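Survey of secondary and tertiary structure
Take a look at the letters that make up each chain.
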Amino acid sequence: MPPTSPFADTFLRSGKVRDLYAVGEDRLLLVASDRLSAFDVVLPTPIPDKGRVLTGVSRFWFEKTADLVPNHLVGVAPEDIPGGGPGAGGGPVEAAAADELRGRMMLCRRVEPLPIEVIVRGYLAGSGWKDYGRTGAVCGIPLPSGLRESDRLPEPLFTPSTKAEEGHDENISIDEAAELVGRDVVERVAHLAIALYRRGAEIAEPAGVILADTKFEFGIDPATGELLLIDEVMTPDSSRFWDAADYAPGRSQASFDKQYVRDWLETQAWDKTPPGPELPADVVSGTRARYVEAFERITGASFQRYLDDDTIGAST
Ligand SMILES: Nc1ncnc2c1ncn2[C@@H]1O[C@H](COP(=O)(O)OP(=O)(O)O)[C@@H](O)[C@H]1O
Ligand SMILES: [Mg+2]
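Residues numbered from 1 in each chain as written. Chains lettered and ligands numbered in written order. Predicted model: local features only at pLDDT ≥ 70, side-chain atom pairs only at ≥ 80, totals over all residues.

Side note on the overall build of the protein chain
Check the secondary structure of the protein chain and you find eight helices and 16 strands. The C-alpha radius of gyration computed for the protein chain amounts to 19 Å, which stays within 12% of the reference 20 Å derived for 316 residues, consistent with globular compactness. In terms of principal-axis extent, the alpha carbons of the protein chain reach across some 60 × 50 × 35 Å. For the protein chain, the residues scored as buried account for 42% of the 316 residues in total. (Helix = DSSP H or I, 4+ residues; strand = E, 2+ residues; numbered from the N terminus. Rg over C-alpha atoms; globule rule 2.2 N^0.38 Å. Buried ≥ 20, exposed ≤ 12 C-beta atoms within 10 Å, placed from the backbone.)

With respect to the site of ligand 1
The environment of ligand 1 is formed by 16 residues, the closest being Gly-15, Lys-16, Val-17, Arg-18 and Ile-230. Going through the elements one at a time, strand 2 (18-23), strand 7 (105-109) and strand 14 (209-220) are the ones with two or more residues in the shell around ligand 1. Its residues assigned to classes, the shell around ligand 1 shows seven nonpolar, three polar and six charged. Counting contributing residues, the shell around ligand 1 receives three or more from each of domain 1 (1-110) and domain 2 (112-246). (Near = placed C-beta within 6 Å. Nonpolar A, V, L, I, M, F, W, Y, C, P; charged D, E, K, R; others polar. Domains from an automatic or database assignment.)

Some thoughts on the sheet that holds strand 3 (residues 27-32)
As summarised here, the arrangement of the five strands in space is 1-2-3-7-6, forming an open sheet in which the pairing is antiparallel. What marks the edges here is a single partner per strand, and that holds for strand 1 (11-14) and strand 6 (73-75). On average, adjacent strands in this sheet sit at an angle of 30° to one another, irrespective of strand direction. In terms of strand pairing, strand 6 meets strand 7 through two bridges, oriented antiparallel. (Pairing = 2+ DSSP bridges. Axes fitted to C-alpha atoms, helices over the stretch in contact; angles between N-to-C directions.)

Focus: the environment of Val-189
Mapped onto the secondary structure, Val-189 falls in helix 5 (residues 183-204). Ignoring sequence-local partners within four residues, the contact set of Val-189 consists of Val-118 and Phe-218. (Contact = placed C-beta atoms within 7 Å.)

A few points about the domain arrangement of the protein chain
Domain annotation for the protein chain reports domain 1 (1-110) and domain 2 (112-246). Computed over C-alpha atoms, the centres of domain 1 and domain 2 are 24 Å apart. Contributing elements (two or more residues each) for the side of domain 1 that touches domain 2: helix 1 (50-64) and strand 7.

Describing unusual backbone geometry
Residue Pro-275 is bonded to the preceding Pro-274 through a cis peptide linkage, with omega at -5°. For Asp-49, which is not glycine, the phi dihedral falls at a positive 75°. Within the fold, Asp-49 resides in the loop between strand 5 (41-42) and helix 1. Unlike most non-glycine residues, Cys-139 shows phi in positive territory, near 55°. If you trace the backbone, Cys-139 turns up in the loop between strand 10 (137-138) and strand 11 (141-142). Using a count of 22 C-beta atoms within 10 Å as the deciding quantity, one classes Cys-139 as buried.

What to know about helix 7 (residues 281-299)
With 19 residues, helix 7 should cover 27 Å at 1.5 Å per step; its first-to-last C-alpha distance of 27 Å lies within 8% of that length. Of all the positions in helix 7, only Val-284, Thr-287, Arg-288, Arg-290, Tyr-291, Val-292, Ala-294, Phe-295, Ile-298 and Thr-299 are classed as buried. On its buried side, helix 7 packs onto helix 1, helix 5, strand 14, strand 16 (239-243), helix 6 (259-266) and helix 8 (303-308). Backbone geometry just after helix 7 places Gly-300 at a positive phi near 70°. (Expected span 1.5 Å × (residues − 1).)

A closer look at the environment of Gly-225
With respect to the element layout, Gly-225 can be found in the loop between strand 14 and strand 15 (227-230). Sequence separation of Gly-225 and Glu-112 is 113 residues, and the distance between their C-alpha atoms is 9.8 Å.

Written out as structure tokens, the structure reads:
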């Protein structure tokens, strides 16, 4: 895994899925790998091109939402990296490394991320459903009684959480979020996040994909003070996508992208602690097909075409 040779000296860190590199003083290179995490464990077997699905979907949304909020994206091709690459001496990225980056990289403005996760929920699932069961509210927002698991909410809700370095993020009230980032900033991101979610749901639903909930991140550009949408946007990794054809409230819903691999994992004698089991070839190809289908339904574009021409959708 990272750091790979041309970027070793500028490698910052690896998330579960993405690798981060500094480019100069004010740019960040985000590279989405093919790693898949299930039940919070990164599996040893990659899903080919999953990272390209994530990046392609994010790029699509950055373009579709640029009128709502400025974002961090400044380049999508290895050629966009200043000096040809972040390696020592600024030499051109080696051809093999450039090919590996194509379709999975985002060159971004490097900002100060806000220390909250900006979550929007359109449906009652996951920790929102748990909170509701305990308190009748989500993040302190009271909801009508009698809602079922996976029910559509009367209005999409902004439900912030902490950004835990270790362990799990915790849902917090809007007042607690205001203590972390300031009241005016919370109000701005809440308003933007709901507008972004509505835009996403409006585009995904006619394609048979329910965007049940999603997590945004925002940051402040230290040079300009501007508030930017950062990170990945409305991808399978940052969202709950459901297949509209299978949707039925009153139970949990299958994940559009991960259910195939989760179902297989449930058949294994595995205690859900690392390391996870190697995936057999048919589970890899079945899972890849679901990611590709999510890409194609959401963007309305051919994934093969995206692989062949990574400049598609580069015009942000
Ligand atoms: N433009 C940006 N400037 C600074 N940090 C960013 C920017 N975009 C994303 N990030 C940060 O990059 C990190 C991605 O790492 P992480 O979430 O751990 O990766 P993964 O989601 O792949 O597991 C997050 O902490 C996010 O806040
Ligand atoms: Mg993340």
